[in-house]
Amino acid sequence: FQEYRATPMGRPASDNDPDIFHDKELMIADSRPNSPKRGRVYVTWTRFESRPQPLGGVSPIVFSQSTDGGATWSPQVIISGNNAALCTDFSDVPGDCDQDQGSHPVVGPDGTIYVIFGNGNTPLPGINQVLMVRCPPSNSCNSTTDWEGPFRIGTLNGTHPTGLPGNPEGCP
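Residues numbered from 1 in each chain as written. Predicted model: local features only at pLDDT ≥ 70, side-chain atom pairs only at ≥ 80, totals over all residues. Heavy atoms only, no water.

(A) Quick peek at the overall build of the protein chain. A count of helical and extended segments in the protein chain gives zero helices and nine strands. Considering only contacts in the protein chain between residues 6 or more positions apart, those separated by 24 or more positions represent 47%. Put simply, the protein chain shows about 9900 Å² of open surface, and 56% of that area lies on carbon and sulfur atoms. (Helix = DSSP H or I, 4+ residues; strand = E, 2+ residues; numbered from the N terminus. Contact = heavy atoms within 4.5 Å. Areas by Shrake-Rupley, 256 points an atom, 1.4 Å probe, with all protein chains shown as cover.)

Here it is in structure tokens:
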């Protein structure tokens with residue numbers, strides 16, 4: 001059931017900054033009857049942030065939630081995490097998993113929020129990994145410390161043209 005509103009809904013992100021670009025937003029709601037967080041709406045996305053060279057920019061995964069059907073949203077929080085064993089390169093903070101793309105939120109039967117995403121903080125060019133973070137139902141999920149992980153799921157097997165020497169016509 002969706003309530004009609006004549007006033008604009010809230011926004012999870014509203015930056016007026018030319019150095020920040022929000023991309024690939026995905027949303028899910030917890031509709032499980034026995035979930036302690038039933039009725040909440042969650043959105044995750046990639047936040048591209050320009051940075052000075054040599055890094056050039058970061059792209060962490062960001063999260064926000066609504067407890068009132070989208071009228072208001074929690075402050076955005078970076079959830080992609082830090083793991084020095086997994087995220088070894090291309091970060092201005094050692095271990096930060098901040099070269100990310102394509103987050104996909106999933107709600108478990110107990111209300112746990114799982115977010116799966118691609119990560120490129122690996123030492124091998126073109127060999128990216130799939131990571132996952134989670135927020136247990138006992139946590140509010142409104143701060144970085146509420147989230148567990150990241151955990152490595154596997155290698156990201158992309159099918160995009162890459163522009164590498166074996167495929168000079170591919171995307172750069």
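(B) The nonpolar core, seen in detail. Formed by 17 residues in total, the largest nonpolar core has its most connected members in Phe63, Ile79, Ile113, Val115 and Trp147. Elements with a contribution of two residues or more to this core: β4 (61-66), β7 (113-119) and β8 (128-135). Of all hydrophobic cores here, the second largest spans five residues; its members include Val43, Trp45, Val62 and Trp73. (Core = buried A, V, L, I, M, F, W, Y, C linked by side-chain atoms within 4.5 Å. Buried < 20%, exposed > 50% of the residue type's maximum accessible area, 1.4 Å probe, protein only.)

(C) Fine view of the state of the cysteines. Applying the stated rule across the entire model yields two disulfides. Between the sulfur of Cys135 and that of Cys141 lies a disulfide, 2.1 Å long from S to S. Note on the Cys135 and Cys141 pair: the S-S dihedral is about -100°, so by sign convention the disulfide is left-handed. Relative accessible area serves as the criterion here: at 0%, Cys141 is assigned to the buried category. Here the protein chain pairs its bonded cysteines, counted in sequence order, in the arrangement 1-2, 3-4. (Disulfide = S-S within 2.5 Å.)

(D) Spotlight on the sheet that holds strand β9 (residues 148-156). If you walk across this open sheet you meet the four strands as β6-β7-β8-β9, and the pairing is antiparallel. Lying at the two open borders of the sheet, with one neighbouring strand each, are β6 (100-107) and β9. Along the sheet, successive strands turn relative to each other by an average axial angle of 20°, direction set aside. Judged from the six bridges that link them, β8 and β9 form a sheet pairing that is antiparallel. When the bridges of β9 are listed, Val130 appears paired with Gly154. (Pairing = 2+ DSSP bridges. Axes fitted to C-alpha atoms, helices over the stretch in contact; angles between N-to-C directions.)

(E) The arrangement of the pairing of strand β2 (residues 41-50) in detail. Counting buried residues along β2, eight of its ten residues qualify, which places the element largely inside the surrounding structure. The pairing of β2 with β4 spans six bridges and is antiparallel. In the sheet register, Thr44 faces β4, and the bridge partner there is Phe63. In the sheet, β2 pairs with strand β3 (residues 57-58) via two bridges, with the strands oriented antiparallel. Counterpart to Glu49 in the pairing with β3 is Val58.

(F) Examining the packing of aromatic side chains more closely. Here the structure, examined in full by the defined rule, presents two aromatic pairs. An angle of 65° between the planes, with centres 4.9 Å apart, marks the rings of Phe63 and Trp147 as edge-to-face. Of this pair, Phe63 sits in strand β4 while Trp147 is found in the loop between β8 and β9, placing the two residues 84 residues apart along the sequence. Both residues of the pair, Phe63 and Trp147, count as buried. Here the aromatic cluster, defined as three or more aromatic residues joined through ring pairs, consists of Tyr42, Phe63 and Trp147. (Phe/Tyr/Trp six-rings, centres within 6.5 Å; stacked < 30°, edge-to-face > 60°.)

(G) The environment of Ser103, seen in detail. Its location among the elements puts Ser103 in strand β6. When the C-alpha positions of Ser103 and Leu26 are compared, they lie 7.2 Å apart, and in sequence the two are 77 residues distant. Contacts of Ser103, omitting those with residues within four sequence positions, involve Lys24, Leu26, Thr44, Trp45, Ile61, Val115, Ile116 and Phe117. Side chain to side chain, Ser103 and Thr44 meet in a polar contact 2.8 Å long. (Polar contact = N/O pair within 3.5 Å; in protein donor to acceptor, adjacent residues only side chain to side chain.)

Purely geometric stuff here, so don't read any function into it on its own.
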